[in-house]
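Working through the structure, step by step
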Amino acid sequence: MSQNSIISLQEFTTLYGKYSARFIEIAMSYLQDRMEAEDVVSESFMTFWDTRETAELPESLPAYILGIVKHKCLDHLRSRQSSQKRTFNIYEQACMDAKVRILQNDSLTQKLFEDEIVTIFERELQKMPPMTASVFYASRVEGKTYKEIAEALGIPVRTVTREIQNGLAAMRRSLKDYLPLAAILLYNTVEKL
C-alpha cells in the first residue's frame, strides 16, 4: 500500500476486507453489542476515507483506523451512559410523580398521613417552651405577622423571629421522614388545626 500518498479505493477496499472483522470484535469488547460494533467500525472506516486527503497518515494504517474505532467506541459509551442517566432521571421523576398523585388522590392514605402529621405537630408544640409554642402557633396556625405577635406578647420582633426559627427546627427534626409528603399536605393540615 502507498501509505504516504493518497490511498486508492482498491487499497481502501482491501484494508476494509482484511481488518473490519477483527475491528468489529475489538469494538464488541467495548460495546457488548454486535450491531453497534459493526456501525462503529463502518463509521471509523468512513471517517478515515473522508479525511484521507487532509490527515497525515502514519506508516500503519490499520493502527490508525483502530485508534479511530477505539475513540468512537468511547464516544458511544459516553453517549449511552448519558442517555441512560437521562432515562433513569425521567423514570425516577415519573415514579415520584405517580406516587404523589396516588397519595393526593387516595383520600384514605391522605387522611392517615394528615392525622399522623397533625399528631406530631401537636406533640412537638407541647414539647416546646411556652414562649416558642405561643409564637410558633400564632405565626403558623393563626397566620399573624411577626409584628402582630410581638405587640400581642410585648416582645421585640427579633425575639419572635428567633422563637419561630426554634419552632421550625423542632418541627423539621420531628417531620423529617414526612417532609416530601408534608410539603403536599402541610397546607391542608395547618388549616385543620
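Residues numbered from 1 in each chain as written. Predicted model: local features only at pLDDT ≥ 70, side-chain atom pairs only at ≥ 80, totals over all residues. Heavy atoms only, no water.

In this section: the overall build of the protein chain. Broken down by element type, the protein chain carries eight helices and zero strands. When the elements of the protein chain are put in sequence order from the N terminus, they spell out α-α-α-α-α-α-α-α. A burial count over the protein chain gives 32% of its 193 residues as buried. Once local pairs closer than 6 in sequence are excluded, the contacts in the protein chain between residues at least 24 apart make up 64%. Accessible surface for the protein chain amounts to roughly 12,600 Å². Of this, 55% is attributable to carbon and sulfur atoms. (Helix = DSSP H or I, 4+ residues; strand = E, 2+ residues; numbered from the N terminus. Buried < 20%, exposed > 50% of the residue type's maximum accessible area, 1.4 Å probe, protein only. Contact = heavy atoms within 4.5 Å. Areas by Shrake-Rupley, 256 points an atom, 1.4 Å probe, with all protein chains shown as cover.)

Two numbers describe how helix 1 (residues 9–31) lies on helix 2 (residues 34–51): the axes approach to 8 Å, and their chain directions differ by 140 degrees. One way to sum up the angle between helix 1 and helix 2 is to call them oblique. Between helix 1 and helix 2 lies a crossing whose hand is right-handed. Each of Leu-9, Phe-12, Leu-15, Tyr-16, Tyr-19, Ser-20, Phe-23, Ile-24, Glu-25, Ala-27, Met-28 and Leu-31 in helix 1 lies in contact with helix 2, whose residues at this interface are Arg-34, Glu-36, Ala-37, Glu-38, Val-40, Val-41, Ser-42, Phe-45, Phe-48 and Trp-49. Across the contact of helix 1 with helix 2, the residue classes tally to 16 nonpolar, two polar and four charged. (Axes fitted to C-alpha atoms, helices over the stretch in contact; angles between N-to-C directions. Parallel < 35°, antiparallel > 145°, perpendicular 65-115°, else oblique. Left-handed = near helix turned anticlockwise from the far one by under 90°. Nonpolar A, V, L, I, M, F, W, Y, C, P; charged D, E, K, R; others polar.)

Not every positive phi belongs to a glycine, and Gln-32 is a case in point at roughly 60 degrees. By the element assignment, Gln-32 lies in the loop between helix 1 and helix 2.

Residues shown with low pLDDT carry predicted positions that ought not to be read at fine detail. Mean pLDDT over the protein chain: 79, with 77% of residues reaching 70 or higher. By mean pLDDT, the top-scoring element of the protein chain is helix 2 (92), and the lowest-scoring one is helix 8 (residues 179–192) (49). (pLDDT = per-residue confidence, 0-100.)

With that settled, the discussion passes to the nonpolar core. Core analysis: the largest hydrophobic core is formed by 22 residues, its most contacted members being Leu-15, Phe-23, Val-41, Phe-45, Phe-48, Ile-65 and Val-69. Those elements that place two or more of their residues in this core are helix 1, helix 2 and helix 3 (61–105). Setting aside residues no more than four positions away along its own chain, Val-69 makes contact with Phe-23, Ala-27, Val-40, Val-41 and Ser-44. Of all hydrophobic cores here, the second largest spans eight residues; its members include Leu-125, Val-141, Ala-170 and Met-171. (Core = buried A, V, L, I, M, F, W, Y, C linked by side-chain atoms within 4.5 Å.)

So, about the packing of helix 5 (residues 130–140) against helix 6 (residues 146–153). The N-to-C vectors of helix 5 and helix 6 enclose an angle of 135 degrees; their axes lie 10 Å apart at closest approach. In terms of orientation, helix 5 lies oblique with respect to helix 6. Pair helix 5 / helix 6 crosses with right-handed handedness. Residues Met-131, Ser-134, Val-135, Ala-138 and Ser-139 of helix 5 form the contact with helix 6, whose own contacting residues are Tyr-146, Ile-149 and Leu-153.

The next thing to look at is the side chain of Ser-20. Within the secondary structure, Ser-20 is located in helix 1. Among the residues examined, Ser-20 registers a relative accessible area of 10% and is labelled buried. Look past the residues within four positions of Ser-20 in its chain and what remains in contact with it is Leu-15, Val-41 and Phe-45.

Pairing between side chains becomes possible if they bear opposite charge and their charged atoms approach one another. Scanning the model with the defined rule gives six salt bridges in all. A salt bridge links Asp-75 to Arg-78; the nearest nitrogen and oxygen atoms lie 2.7 Å apart. Taken together, the residues Asp-75 and Arg-78, both in helix 3 and three residues apart, mark about one turn of the helix. (Salt bridge = Lys/Arg side-chain N within 4 Å of Asp/Glu carboxyl O.)

Let us now look at the packing of aromatic side chains. Scanning the model with the defined rule gives eight aromatic pairs in all. An aromatic cluster is present here, built from Phe-12, Tyr-16, Tyr-19, Phe-23, Phe-45, Phe-48, Trp-49 and Tyr-64 joined pairwise through their rings. (Phe/Tyr/Trp six-rings, centres within 6.5 Å; stacked < 30°, edge-to-face > 60°.)

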